[in-house]
Amino acid sequence: MLLPTDLLGEWELRRTVDDRLAGQRGTVTGTTTLTSTGPDEVRWDEAGTMHFGGRATPVSRTLFVRRAPDDRWTVHFADGRVFHDWAWGERVDHPCTPDHYAGVLDGDAGHWTVRWEAHGPAKDYVLVSDLRRRSHAAD
């Protein structure tokens, strides 16, 4: 099982978006950066461009992964709300009435994925984020 601290650094982000309700597919390309902000917190920043419905739109978000006193990690939105448990290779859930999100984080320290499925009255989509460790050219 990988911990968020095992994934510190820069990652190339490629996300596919399959909106089954709208009957459209799109992509996000950009960068994900995980940075330690202390012994019990990792900042997760994403920035890129979404190509969807014939448009290109800049997108970004920030999450925080925090360790509790019992050594379990939890992913939080930037405003502090809990998003989901950090359970590597296992299904995690995020109930957001009236919709429901189910996801899984899996992979290794060089390549990992995040997959989310959302179902509800206004949502039916699958997001798959593919993250590969960014290699920097030598100076």
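Okay, so let's go over this structure. What you see is a predicted model, and the numbers here were worked out from it, not measured in a lab. Here, residues in each chain are numbered from 1, in the same order as that chain's written sequence. Only residues with pLDDT of at least 70 are given local features in this predicted model, and only at 80 or more are side-chain atom pairs given and counted; all residues enter the totals for whole chains, interfaces and linings. For side-chain calculations, the full set of non-hydrogen atoms in the structure is used, while hydrogens and water are omitted.

Quick notes on the pattern of salt bridges
Okay, step 1: A pairing counts as a salt bridge when a side-chain nitrogen of Lys or Arg comes within 4 Å of a carboxyl oxygen of Asp or Glu. Applying the stated rule across the entire model yields 15 salt bridges.
Okay, step 2: Between Lys123 and Asp99 there is a salt bridge, with its nearest N and O atoms 3.6 Å apart. Separated by 24 residues along the polypeptide, Lys123 in the loop between β9 (111–119) and β10 (124–133) and Asp99 in strand β8 (residues 99–107) bring together distant segments of the chain.
Okay, step 3: Burial here depends on accessible area, computed with a 1.4 Å probe over protein chains only, as a share of the maximum for the residue type. Under 20% is buried, over 50% is exposed, and the range in between is partly exposed. Take Lys123: its relative accessible area is 27%, and that puts it in the partly exposed class.
Okay, step 4: By relative accessible area, Asp99 is classed as buried at 9%.
Okay, step 5: Within this structure, Arg20, Arg115, Glu117 and Asp124 form a network of salt bridges that share partners. Runs of E in the DSSP output that reach at least two residues are strands. Runs of H or I that reach at least four are helices, and both are numbered from the N terminus.

Topic: the packing of aromatic side chains
Okay, step 1: Pairing of aromatic rings covers Phe, Tyr and Trp, the last counted by its six-membered ring, and requires centre-to-centre distances within 6.5 Å; plane angles under 30 degrees mean stacked, over 60 mean edge-to-face, and any other angle means tilted. Throughout the structure, instances matching the rule amount to eight aromatic pairs.
Okay, step 2: Considering the side-chain rings of Trp11 and Trp112, the 5.7 Å spacing of their centres and the 90° angle between planes classify their relative orientation as edge-to-face. Of the two residues, Trp11 is situated in strand β1 (residues 9–19) and Trp112 in strand β9; the sequence distance between them amounts to 101 residues.
Okay, step 3: What makes Trp11 buried here is its relative accessible area of 0%.
Okay, step 4: Taken together, a centroid distance of 4.6 Å and an interplanar angle of 25° make the contact between Phe77 and Phe83 stacked.
Okay, step 5: Phe77 gets classed as buried once you look at its relative accessible area, which sits at 18%.
Okay, step 6: Three or more aromatic residues link up through ring pairs in this structure, and these residues are Trp11, Trp44, Trp86, Trp88 and Trp112.
Okay, step 7: Distance and angle both matter: a charge sits over a ring if NZ of Lys or CZ of Arg is within 6 Å of the ring centre and within 35 degrees of the ring normal. Taking the ring centre of Phe77 as reference, the NZ or CZ of Arg81 above it sits at 4.4 Å.

Notes on the environment of Gly80
Okay, step 1: Relative to the helices and strands, Gly80 resides in the loop between β5 (73–77) and β6 (82–85).
Okay, step 2: As for Gly80 and Met50, which are separated by 30 residues in sequence, their C-alpha atoms are 25 Å apart.

A look at the nonpolar core
Okay, step 1: Residues enter a nonpolar core if they are buried and are Ala, Val, Leu, Ile, Met, Phe, Trp, Tyr or Cys, with the set joined through side-chain atoms within 4.5 Å. Leu7, Trp44, Trp86 and Trp112 are the most contacted members of the largest nonpolar core, which has 26 residues in total.
Okay, step 2: Here this core takes four residues from β9, the largest share from any one element.
Okay, step 3: Setting aside anything within four residues of it in sequence, one finds Leu7 in contact with Leu2, Leu34, Trp86, Trp88, Asp108, Ala109, Trp112 and Arg133. In what follows, residue pairs with any heavy atoms lying within 4.5 Å of each other are defined as contacts.

So, unusual backbone geometry
Okay, step 1: For the bond running from Thr97 to Pro98, omega is 10°, close enough to zero to count as cis.
Okay, step 2: The phi dihedral of Asp71 is positive, around 75°, even though this residue is not glycine.
Okay, step 3: You can see Asp71 is positioned in the loop between β4 (55–67) and β5.

A closer look at the side chain of Asp19
Okay, step 1: As for its placement among the helices and strands, Asp19 is situated in strand β1.
Okay, step 2: Neither His nor the chain ends contribute to the count of charged residues, in which Lys and Arg are positive and Asp and Glu negative. Despite being buried, Asp19 has no salt bridge partner; Arg20 is the closest side chain of opposite charge, sitting 7.4 Å away.
Okay, step 3: A distance of 3.1 Å separates a polar side-chain atom of Asp19 from the backbone nitrogen of Leu21.
Okay, step 4: Every residue in contact with Asp19, bar those within four places of it in the chain, is listed here: Gln24, Phe52, Asp124 and Tyr125. Pairs of N or O atoms within 3.5 Å make up the polar contacts considered here, provided that, within protein, one atom can donate a hydrogen while the other can accept it, and that residues adjacent in sequence are counted only when both atoms are side-chain atoms.

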